[in-house]
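Coordinate inspection notes
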Amino acid sequence: FFSPKGVAIIGASTNPSKLSHGILKNMTLYGFEGGIYPVNPQAAEMLGLPSYPEIADVPDPVDLAVVVLPAPMTPSILQACGERGIKAVIIISGGFIEVGGSGIELEDTCRQIGSQYGMRLIGPNCVGTLDLLTGLNTTFIEGVPSVGSIGFLSQSGAVCGGVVDYIADKHIGFSHFASLGNELDVDETDMIAYYGQHPHVNVIAAYVEGIQDGAKFIRVASEVSRHKPIVMLKAGRSGAGARAVSSHTGSLAGSEQAYEAAFKQAGVLRAESMEDLFDMSLALGYQPELKGDRIAIITNAGGPGILATDALERSGMRLARLERGTFDKLVENLPEAASAANPVDVLGDARADRYELALDLVSKDSNVDGIMVILTPQAMTEIVDTAKAMGELAKDIDKPIIGCFMGEKEVQKGSDLLMEMGIPNYPFPERASLALKAMSDHRKVKERSEPDFVSFDVDLEATREVIDRVRSEGRLTIGDAESREILTAYGFRIPKSELAGDPDEAVKVAQEIGYPVVLKILS
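Here the residue index of a chain counts from 1 through its sequence in written order. Since the coordinates come from a predicted model, pLDDT governs what is reported: local features require at least 70, and pairs of side-chain atoms require 80 or more to be given and counted, while whole-chain, interface and lining totals use all residues. As a rule here, side-chain values cover all heavy atoms of the structure and leave hydrogens and water aside.

All right, on to a negative patch on the surface then. Together, D459, E461, E465 and D468 line one region of the surface with negative charge. Where helices and strands are cited, they refer to DSSP runs of H or I of at least four residues and of E of at least two residues respectively, numbered from the N terminus. Position of D459 relative to the elements: it lies in the loop between α15 (429-447) and α16 (460-472). Only protein chains enter the calculation, and the probe is 1.4 Å; a residue is then buried if its accessible area is under 20% of its type maximum, exposed if over 50%, and partly exposed in between. D459 sits in the partly exposed class, given a relative accessible area of 39%. In this analysis, a patch consists of residues with relative accessible area above 30% that form no salt bridge, clustered at 9 Å for like charges and at 5 Å for the nonpolar side chains Val, Leu, Ile, Met, Phe, Trp and Tyr. Using a 1.4 Å probe, the Shrake-Rupley method yields the accessible areas, and only the shown protein chains count as cover for residues. We count a salt bridge whenever a side-chain nitrogen from Lys or Arg sits within 4 Å of a carboxyl oxygen from Asp or Glu. For the charge count, each Lys or Arg is scored as positive and each Asp or Glu as negative, with His and the chain ends excluded. A single reference atom marks each charge: NZ on Lys, CZ on Arg, CG on Asp, CD on Glu.

This part is about the side chain of S149. Of note, S149 is situated in strand β10 (residues 146-154). What makes S149 buried here is its relative accessible area of 6%. Polar contacts, as used here, are pairs of N or O atoms within 3.5 Å; protein pairs need one atom able to donate a hydrogen and one able to accept it. Residues neighboring in sequence count only if both atoms are side-chain atoms. A polar side-chain atom of S149 sits 3.3 Å from the main-chain carbonyl oxygen of G285. Every residue pair with non-hydrogen atoms within 4.5 Å of one another is taken to be in contact. Ignoring sequence-local partners within four residues, the contact set of S149 consists of G173, F174, S175, H200, V201, N202, V203, G285 and Y286.

Time to look at the nonpolar core. In terms of nonpolar packing, the biggest core is built from 47 residues, with F152, F174, F177, V231, L277 and L436 touching the most fellow members. Not counting residues within four places of it along the chain, the set of residues in contact with L277 comprises F152, A205, A206, V231, M232, L233 and A271. In this description, a nonpolar core means a group of buried Ala, Val, Leu, Ile, Met, Phe, Trp, Tyr and Cys residues linked to one another through side-chain atoms lying within 4.5 Å. Ranked by size, the runner-up nonpolar core spans 43 residues in total, among them I36, I90, C126 and V186.

This part is about the packing of aromatic side chains. Two rings from Phe, Tyr or Trp (for Trp, the six-membered ring) form a pair when their centres sit within 6.5 Å of each other. Planes less than 30 degrees apart are called stacked, planes more than 60 degrees apart edge-to-face, and all others tilted. Enumeration over the complete set of coordinates arrives at 11 aromatic pairs. With a centroid separation of 4.9 Å and an interplanar angle of 55 degrees, the aromatic rings of F174 and F177 are classed as tilted. Taken together, a centroid distance of 6.0 Å and an interplanar angle of 45 degrees make the contact between Y194 and Y195 tilted. Among the residues examined, Y195 registers a relative accessible area of 0% and is labelled buried. A cation over an aromatic ring shows up here: K234 above the ring of Y259, its NZ or CZ 4.5 Å from the ring centre. Whether a charge sits over a ring depends on NZ of Lys or CZ of Arg being within 6 Å of the ring centre and within 35 degrees of the ring normal.

Our next topic: the sheet that holds strand β6 (residues 88-91). In spatial order, the strands read β2-β1-β5-β6-β7; together these 5 strands make up an open sheet with parallel pairing. Each of the sheet's edge strands pairs with one partner strand only, and the pair in question is β2 (35-39) and β7 (120-122). Going across the sheet, the axis of each strand differs from the next one's by a mean of 20 degrees, ignoring polarity. Each of β1 (6-10), β2 and β5 (64-67) touches helix α1 (residues 19-29); the most contacted strand, β1, lies at about 160 degrees to it. When DSSP locates at least two bridges between a pair of strands, those strands are taken to pair. Angles here are taken between N-to-C directions and fall from 0 to 180 degrees, while the axes themselves are lines fitted to C-alpha atoms, restricted in helices to the stretch in contact.

Taken across its 9 residues, β10 has 7 buried, putting it largely inside the fold. As judged from the 7 bridges shared by β10 and strand β11 (residues 173-179), these two strands associate in the parallel manner. Residue pairing for β11: S146 is matched across the bridge by G173. Note that β10 and strand β12 (residues 203-208) share 5 bridges and pair parallel. Its bridge partner lying in β12, L153 is registered against A206.

Listed below in structure tokens is the structure:
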């Protein structure tokens, strides 16, 4: 899916307004060195490439097919790909489980064909894959991000497109993008496993709407998160959001509490927004490991330093207590009105050399685990030179340094320079604090001891009976009475209860149980 020797675009078009034309064009733009084979019986060539009438006519080597045809045609195309010996297929088209009805059956048929030929399938209802390292681009998204170390996956194709546009000029580097759509075969856990072993991926960022296989996810994510951070944004947390998810990719958003528990057990760091997802991923992907929770703040303004202190405290982190030697040297070298205590206030007239001096001294302090450098644009501020000084010092510092050049327009050049040098920069202290908190949380995940798993004897037959009964009634949720049956099958001690069909039966049950009793409606 990411470094094939040859790619067939089935349904490629000469019409620039078609998605399939956009995919073909993208395949030619970013240095992909493998074969590119448009498949369309109506054209002899496209974008200077020979076109082939059928997948069977495509020459070797070809090991990836991208299908951009109406959904009903997909099974026959998959059959042809299987006979051709292709083992990886991306189905871009929509019209499957997300529309219900015949779409569900169509998706099942595709799954069976894939299994029959040993083909792995991404999609349907997706925008494809992107490998910044090989130049592969099977998407129809406009533009690509910078090359870097973030491996991104998304169940939503539109989210991928929005992300590419958002980060286009922000110097945020990615190694891979994968849009998984309905996940009829390849799912988010497969991608986490792949990114987990890839040498160029330092952090895994994911947008998910539902987890396909909970046990598999916890097993794989638990293993990967011990050496590589996984940051995940889970959509569908609210009732309305969950309903929207099911009509989007066909996923059923599970219980919020279950996801929270699963992520915690698997060592997954949870983001609350797309902004948080990339703020956290940037720090985790580009900075040295945070070895403790003692943070030093260097600032040229008191207010932002206080905001940063509050944000760090709320995150469960703390201000480092500087060593006496560090404090004395700061007092000796900073202006009299400056503050040598943490937060270190270098004052509003601080030029780059004063920032450099403070950062050099603070970074050598053994009580300091990480540093946040706050800069607010003032008349004397040397924004670009300060960024350069931070970048040069960072080369020899084995501690994370996070920039907080506050604002946007005035600090843009400095912010860009920091990002180019691998120092994440955030416009406000709260976002910088969140990034440090993510680094702290990942360290704690890595420090966790191996869990001892305990198995219990449970009555699985009784549980299956309950679930089959619920399914046979066309229901997707388990009611109170059925929940009690399952809890009993799993050996939980629960208050005695029985289901009564009418008032007379309720009186009879109450007398058998013995008063006092509680009456609860089941509807």
